[in-house]
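Breakdown of the fold
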Amino acid sequence: MNIVLLGPPGAGKGTLAALLKNELNVPHISTGDIFRSNIKNGTELGKKVQGILASGGLVPDEVTIEMVRDRLASDDTASGYILDGFPRTIPQAEALSEMAELEAVINFVLSDDEVVKRLSGRRLCPSTGRIYHIVSNPPKQEGIDDETGEPLIQRDDDKPEAIRHRLEVYRAETAPLIGYYKEKGKIIDIDASPSPETVLSSVIAALKA
């Protein structure tokens, strides 16, 4: 089963993908992971991406498409895959349609206020990268990392004004994509506000239906 995940930052795509891949027994493929793997392994594409990112540029569609095509040719995708972070544009979606037939595009729906609440509550340990949440996963002592005793920080992009800007960018990028897949009858809207387990049950039920 070949599935694409869409949804705003903070909708829990990564968490749901980790649960869903075990249910479907297919790999979770994130474009971020593909970039990091190619850079780490020093592939020609990896060198190209590293240079682009180092100069502050955006990775062109054709480079991203080539990396995804290469990843989808791996043996572990024979039974399907869960794509996260690709496609982001209509040209990417059209290229993907030439690689394989999609069964569904899961669109996680979450209100802006809920996204801000989720992301603005995140706190980070600077030295280890361990992530807490002031409501759902607080440290034992407020503002202090459980293991190192360091003060926790809030990333700049987790501050409310930055989150609202990210949401505007997401909508501008993704609205055309949602329309593209709606026309093809592939979109399944899923409420992302309940617990991950509840959302997973909704996704499984929708895929079976």
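Quick notes on the rules
Residues numbered from 1 in each chain as written. Predicted model: local features only at pLDDT ≥ 70, side-chain atom pairs only at ≥ 80, totals over all residues. Heavy atoms only, no water. 1 Å grid on protein atoms, 1.4 Å probe; cavity = no way out; pocket = protein on both sides within 12 Å on 5 of 7 lines; lining within 4 Å. Points joined across faces, edges and corners; volume = space filled by probe spheres on them. Helix = DSSP H or I, 4+ residues; strand = E, 2+ residues; numbered from the N terminus. Nonpolar A, V, L, I, M, F, W, Y, C, P; charged D, E, K, R; others polar. Buried < 20%, exposed > 50% of the residue type's maximum accessible area, 1.4 Å probe, protein only.

Scanning the model with the defined rule gives 1 cavity of 30 Å³ or more in all. The space that makes up the largest cavity amounts to roughly 40 Å³. Looking at the largest cavity, the residues that line it are Arg122, Arg123, Leu124, Ile131, Ile153, Gln154, Arg155 and Asp158. With 3 residues, strand E5 (residues 122-124) is the largest single contributor of residues to the lining of the largest cavity. Each residue belonging to the lining of the largest cavity can be placed in one class, and the counts come to 3 nonpolar, 1 polar and 4 charged.

This part is about unusual backbone geometry. The phi angle of most residues is negative, glycine excepted, and most peptide bonds adopt the trans form. Here the amide bond leading from phenylalanine 86 into proline 87 is cis, since omega sits at 0°, within 30 degrees of zero. Along the polypeptide, proline 87 turns up in the loop between strand E3 (81-84) and helix H5 (90-99). The backbone of asparagine 25 sits at a positive phi, close to 60°, despite the residue not being glycine. With respect to the helices and strands, the residue asparagine 25 is situated in the loop between helix H1 (13-24) and strand E2 (28-30). Judged by relative accessible area, which is 66%, asparagine 25 ranks as exposed.

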